Amino acid sequence: MTQGSSGRRLAEVLSQWEPVIGLEVHAQLLTRSKMFCGCRADYAGLPPNSNTCPTCLGLPGALPVANAAAIRMTVRTGLALQSRIPEHSKFDRKNYFYPDLPKGYQISQYDLPLCVGGWLEFDVGGTERAARITRVHLEEDAGKLLHAGEIQRAGFSLVDLNRAGVPLMEVVGEPDLRSPAEARAYLVALRQLLVYLGVNDGNMEEGSLRCDANISLRRPGEESLGVRAEVKNLNSFRILQRALEHEVVRQAALLESGATLTPETRGWSEAEAATVPQRGKEEAEDYRYFPDPDLPPIRCDPDEVAAIRSELPELPRARALRLRQQHNLSLDEARGLTERPGEADHFEQLVAAGAPPATAAAWQLNELAGLCQRAHRSIETSGLDLGQLARLLLLVQRREVSAATAKTVLAQALETGADPVGLVEAGGLRQLSDEGELTDRVDQAIAARPQAARDFLAGNDRALSALVGHVMAATRGRADARRVDELLRERLTREGGG
Amino acid sequence: MPIDGGTVRHVSGLARLGLEDAEVDRAAEQLAVILDAVDHLQAADIRGLDPTLRVGDPGTPCRADQVEPSLPVERALAGASGREANLLRVAAIQ
Amino acid sequence: MSWLLRSLADQARGLRRGEVTSARLVEEALARIAALDPRIGAFVRITATQARAAAEAADRRLAAEGDGAPPVCGIPVGLKDVLCVEGVETCAGSRILQGFVPPYTATAVARLTAAGAVAVGTCNCDEFAMGSSTENSAYQITRNPHQLGRVPGGSSGGSAAAVAAGLVTASLGTDTGGSIRQPAALCGVVGFKPTYGRVSRFGVIAFASSLDQVGPLTRTVEDAALVYSTIAGHDPLDATSSRRPVDDPIAELALGVEGMRLGVPAEYVDGDLDPGVRREFEAACGRLAALGARIETVSLPSTRFALAAYYVIAPAEASSNLARMDGLRFGPGAPTAPSLRAAYEQARHAGFGPEVRRRIMLGTYALSSGYYDAYYRRAQQVRTLVAQDFGRVFERIDAILAPTSPTPAFPLGSRTEDPLAMYQSDVLTVPFSLAGVPAVSLPAGLSEGLPVGLQIATPAFQDARCLRVAAAFERAAGVAAPPALAREPVG
């Protein structure tokens, strides 16, 4: 939550007003081709207007034919959200004029969407919540207007139609969210679900996942809805939360001053750190929806839907739960490991290769994550051999290799591709954990640093580190530092006490 | 059933037909005459009938998710009235 | 007699027997166009160079394949200005598409030319196929070859006149509410609208998507069957095209009508009909009865609502289909307009003619908020009523008979000020379009020297049966004589 005085103001408002928030999320589907033609769906990086055909260009005489994979992905999403998949669905035309809309209408779905109802479970700061889904439907994306702001001042706009016709799935949520933080958590969970389902790449910066929010305020306990503002194109979790927090404060101020709100569309201005009204339209657009006569109605055969349901991958919450149960992980660990399906796969493969689960979990989330980040790689693309990594982690768990040593060899392995365990052996880096030898070294250290020993017994706990350091230096870092610490304390207190 | 000028302007606006002031009255007249004629649709007994979404047979609603060659940019933009390099150039949206 | 006044089937035989070549047929077509079309105005564009090259290729193919070559190989044809042809300017009779050169060819046309037919030029039509007289073309009017002061009908008036005058052997038109059948009737040729979904609409500049169908205009029923067989069939590029296997009208053409039950809708003949039309229609029914068919009266009560439903549904769909005509990606546009809105409005106001603007407004109104239920939705429900009526009748009846047009060709300019009067031209053809069933018009005599058409319709996907009944009638009544103009000697 926002800090400082604005944070206090927000907290104050939230104690007096109840935000009512619903999100509309548009997700570009990971199909090979566009929604109604064979042009590529993955238009990123293609030269302008090189990814079009008569259909997506809206040339006279061209016709649309629906992409079966896009329909299946949408049904899959609905099933994962517990939606109902009606047997009959259809496409409708949404008619309006805009240069990024070549046909002068968008093919979308109006009153018979592919998926109806459902809910999304998510976690907000440790509390489990569920928000209802209104519907999930399928439509086509528009082209792109480039540099609209700057060039607009020059009196013209430039249009690239590469994106026109890309399949877009819209997930509409009921206004069940009650705070900006909740809205953020909902979006995080939805994005994760879509990535797990393999229907969307989760990329908000590049716009393959877009979010609009509807927000209004009411007094706690009131049932009717207030006047809402629609805030569009919130392309990061941070911006979503900040924009909604800003809206909460802005709307509260207006309501408290007795002003009447009118429904409006707003956008986020990073420069002003505020939501700002978007260019007002002269009149509310009448989209004149009607069933698209070029596209026969879709029939979602119950057997096919059942087949899609049976092919659903393990979803993030279920996977986290299973990992917790199978490997006795904490909730946080399980959540962390299942954030991306690739990470979860990595963890499970690591355990299957022989790594002890607790060690593997801790190391993947912490040390390995850090090392990979520094090497500019992801966990999945680290390049480390899982069998070798598993063996190293087993040594760590058995305290045969110190954590520090393991980190060092791993960093080297990442760079050179060498076997980390091999590096340990070659360097004679196994941890010294033989009790007898450790005890001797401990006694030697106490003998060598009597003042430190006395200081420790006098109550200076930190003096112990000098003794630990002595042992580590004498063993060239190979001693098990934790056991050394334990042994020192035992010896000293025994001596001291006895 | 008379159609007023405001409705004509609104409808013409939705369709971006650029109706000029001088044309509004005549358009309203003509539209009214036609609407009168089609108004007797209201007398049809259509209780319990679903709208016909299509005639013929179910056709082929879907196609396989396959990439087909796109048009080369020169052919795609061949007819464009405004161009800047390989982008369509249009007047400013106000 | 000029080869071009002979049937397609005759020409095909001649080509295979070496009596004539495609090059000769095409030269004759071009010569007849040069001599006669200045008075008729059937063609808006001639593609002579491409035609000559295609004729040469057809001749080589005929030499190589002989009887194995498709029936339409080498035959000169005309294409309505709404059928996209790659590399050929296609304008749908409108200024807003001036200069539009499609980068692709309509599937129906591609099939025809792949079978060796030679496209000689583009036939005039009402702008965006909206009209019943071809007077709405932005480019030129077309005159009825039987009487030049009269309309050829519409919207495929150019296609019909071209065949009537023997300028080409066959042509392709499109039919939305009667636009193949009515001009065929007014020009004294055969015009066939297949079952909706039987012929691909890909590459057909759309008027009303749920009604448009491509079909042949020819001199004889057999010719129509030959062209139909060439162009019909599923197209993966058109989601509304049917996967059902195509029937074989040629195989059924000679089967006759003995024992068939043919229905005459009371509502059609009880209405206002030109006395000559009525007389010829009754005579036609008599001929079919004499061939052994049982003629009975049937009732299609929804007929009185059909025209109104059509004039809501078709303009509504058109208003949306024509939204892409924005002057940005094709057409002359308005590049100097001060704002985007002005650019749209200037391009569309200048580019669309009055009838098209009228229908776009009507259609936009019918779809607009507050009116959708009372107009568009209701019209689609009436459409269900119409389909039910046909379904009921076709349970007992093998084919429906009706006049095609309430009047023969009317004088040019006589209905242009009265849209409603113009719309009435479609009253007998529209119901079949709404139901999506196949329907053909063929010549059934003359009324004061002007052609009168007989319309025959059958259940959906019974296209072969439709042409079979037509063929039986044609055998009894004879093939219509070409107009006097067509029989003028061409040097």
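Keep in mind that this is a model prediction, so the values were computed, not measured.

### Some details on the overall build of chain C
Argument step 1. When helices and strands are tallied, chain C shows 17 helices and 11 strands.
Argument step 2. Expected size for 491 residues packed as a compact globule is a radius of gyration near 23 Å; at 21 Å, chain C falls within 12% of this value.
Argument step 3. Seen through its C-alpha atoms, chain C measures out along the principal axes to roughly 65 × 55 × 45 Å.
Argument step 4. Each of the 491 residues in chain C was classed as buried or not, and the buried ones make up 67%.
Argument step 5. Put simply, 77% of the contacts in chain C that link residues at least 6 apart link residues at least 24 apart.

### Section: the overall build of chain A
Argument step 1. Tallying secondary structure elements over chain A gives 18 helices and 17 strands in all.
Argument step 2. In terms of overall size, chain A is more extended than a compact globule, its C-alpha atoms giving a radius of gyration of 30 Å where 498 residues would be expected to give roughly 23 Å.
Argument step 3. With the C-alpha coordinates of chain A rotated into their principal frame, the extents come out at 95 × 55 × 50 Å.
Argument step 4. Residues classed as buried in chain A amount to 44% of the 498 residues present.

### Looking at unusual backbone geometry
Argument step 1. The linkage connecting G154 of chain C with the following residue, S155 of chain C, adopts the cis geometry, with an omega of 10°.
Argument step 2. Positionally, S155 of chain C belongs in the loop between strand 3 (118-123) and helix 5 (157-164).
Argument step 3. Positive phi, normally seen in glycine, also occurs at H376 of chain A, with a value near 60°.
Argument step 4. Among the structural elements, H376 of chain A can be located in the loop between helix 11 (357-374) and helix 12 (386-397).
Argument step 5. Assessed through the 7 C-beta atoms surrounding it within 10 Å, H376 of chain A is described here as exposed.
Argument step 6. For F461 of chain C, which is not glycine, the phi dihedral falls at a positive 70°.
Argument step 7. As for its placement among the helices and strands, F461 of chain C is situated in the loop between strand 11 (450-457) and helix 17 (463-477).

### Here we look at the interface of chain B and chain C
Argument step 1. Opposite the 43 residues of chain B that make contact, chain C presents 62 residues.
Argument step 2. Where the side of chain B that touches chain C is concerned, the elements lending two or more residues are helix 1 (5-14), helix 2 (21-39) and strand 3 (87-91) of chain B.
Argument step 3. Of all the elements, helix 2 of chain B adds the most residues to the side of chain B that touches chain C, at seven residues.
Argument step 4. Each residue belonging to the side of chain B that touches chain C can be placed in one class, and the counts come to 25 nonpolar, 12 polar and six charged.

### What to know about the nonpolar core
Argument step 1. Counting 285 residues, the largest nonpolar core has V77, V118, A309, V312 and L467 of chain C as its most contacted members.
Argument step 2. In this view, V312 of chain C contacts V38 and L41 of chain B together with A366, Y375, Y376 and A379 of chain C; residues no more than four positions away in its chain are not counted.

### Considerations on the domain arrangement of chain A
Residues and elements named next belong to chain A.
Argument step 1. According to the domain assignment, chain A consists of domain 1 (26-210 + 234-245 + 280-305), domain 2 (316-426) and domain 3 (435-497).
Argument step 2. The straight-line distance from the C-alpha centre of domain 1 to that of domain 2 is 37 Å.
Argument step 3. At the junction of the two partners, domain 1 supplies five residues and domain 2 supplies five residues.
Argument step 4. Looking at which element gives the most residues to the side of domain 1 that touches domain 2, the answer is helix 5 (residues 180-197), with four residues.
Argument step 5. For the side of domain 1 that touches domain 2, a count of residues per class yields three nonpolar, one polar and one charged.

### Quick look at the interface of chain C and chain A
Argument step 1. Taken residue by residue, the interface counts 37 residues in chain C and 25 residues in chain A.
Argument step 2. Mapped onto the side of chain C that touches chain A, the elements with two or more residues apiece are helix 11 (303-321), helix 12 (340-351) and helix 13 (354-367) of chain C.
Argument step 3. Examining the composition of the side of chain C that touches chain A, we find that three residues originate from one element, helix 11 of chain C, more than from any other.
Argument step 4. Across the side of chain C that touches chain A, the residue classes break down as 23 nonpolar, eight polar and six charged.

### What to know about the sheet that holds strand 16 (residues 290-291) of chain A
Residues and elements named next belong to chain A.
Argument step 1. Taken together, the three strands give an open sheet; going across it, the order is 5-4-16, and neighbouring strands pair in antiparallel fashion. Edge positions in the sheet fall to strand 5 (105-108) and strand 16, since each of these pairs with one other strand and no more.
Argument step 2. Both strand 4 (residues 92-95) and strand 16 contribute to a ladder of two bridges, which runs antiparallel. In the strand pairing of strand 16, D92 is matched with P291.

### Quick look at the sheet that holds strand 8 (residues 294-298) of chain C
Residue and element names in this part refer to chain C.
Argument step 1. Spatially, 1-3-2-4-6-5-10-11-9-7-8 is the arrangement adopted by the 11 strands of the open sheet, whose pairing is mixed. Strands with a single pairing partner mark the edges of an open sheet, and in this sheet they are strand 1 (43-46) and strand 8. Each strand of the sheet is rotated relative to its neighbour by a mean of 30°, with strand direction disregarded.
Argument step 2. The pairing of strand 5 (residues 190-193) with strand 6 (residues 213-218) spans two bridges and is antiparallel. If you follow V190 over to strand 6, its bridge partner there is T218.
Argument step 3. The strands touched by helix 2 (residues 22-40) are strand 1, strand 2 (76-80) and strand 3; relative to strand 3, the strand with the most contacts, the crossing angle is about 20°.
Argument step 4. Docked against the sheet, helix 7 (residues 221-231) engages strand 4 (170-175), strand 5, strand 6 and strand 10 (439-447), running at close to 145° with respect to strand 6.

### A look at helix 1 of chain B
Argument step 1. The complete set of buried residues in helix 1 of chain B reads V8, V11, S12 and L14 of chain B. When helix 1 of chain B is viewed along its axis, its buried side chains cluster within an angular range of 160° and face the same direction.
Argument step 2. The secondary structure elements touched by the buried residues of helix 1 of chain B are helix 2 of chain B together with helix 13 of chain C.
Argument step 3. Once helix 1 of chain B ends, the next one or two residues include R16 of chain B, with phi positive near 50°.

### Comments concerning the packing of helix 2 of chain B against helix 13 of chain C
Argument step 1. Their axes nearest at 11 Å, the elements helix 2 of chain B and helix 13 of chain C cross at an angle of 60°. It follows from the interaxial angle that helix 2 of chain B and helix 13 of chain C lie oblique. Classified by chirality, the crossing of helix 13 of chain C by helix 2 of chain B is right-handed. Contact residues: helix 2 of chain B offers A27, Q30, L31 and I34 of chain B, while helix 13 of chain C offers R358, M361, L362 and Y365 of chain C.
Argument step 2. A class-by-class count of the residues in the contact of helix 2 of chain B with helix 13 of chain C yields six nonpolar, one polar and one charged.

Thresholds applied
- Residues numbered from 1 in each chain as written.
- Chains lettered and ligands numbered in written order.
- Predicted model: local features only at pLDDT ≥ 70, side-chain atom pairs only at ≥ 80, totals over all residues.
- Helix = DSSP H or I, 4+ residues; strand = E, 2+ residues; numbered from the N terminus.
- Rg over C-alpha atoms; globule rule 2.2 N^0.38 Å.
- Buried ≥ 20, exposed ≤ 12 C-beta atoms within 10 Å, placed from the backbone.
- Contact = placed C-beta atoms within 7 Å.
- Nonpolar A, V, L, I, M, F, W, Y, C, P; charged D, E, K, R; others polar.
- Core = buried A, V, L, I, M, F, W, Y, C linked by C-beta atoms within 7 Å.
- Domains from an automatic or database assignment.
- Pairing = 2+ DSSP bridges.
- Axes fitted to C-alpha atoms, helices over the stretch in contact; angles between N-to-C directions.
- Arc of directions from axis to C-beta.
- Parallel < 35°, antiparallel > 145°, perpendicular 65-115°, else oblique.
- Left-handed = near helix turned anticlockwise from the far one by under 90°.

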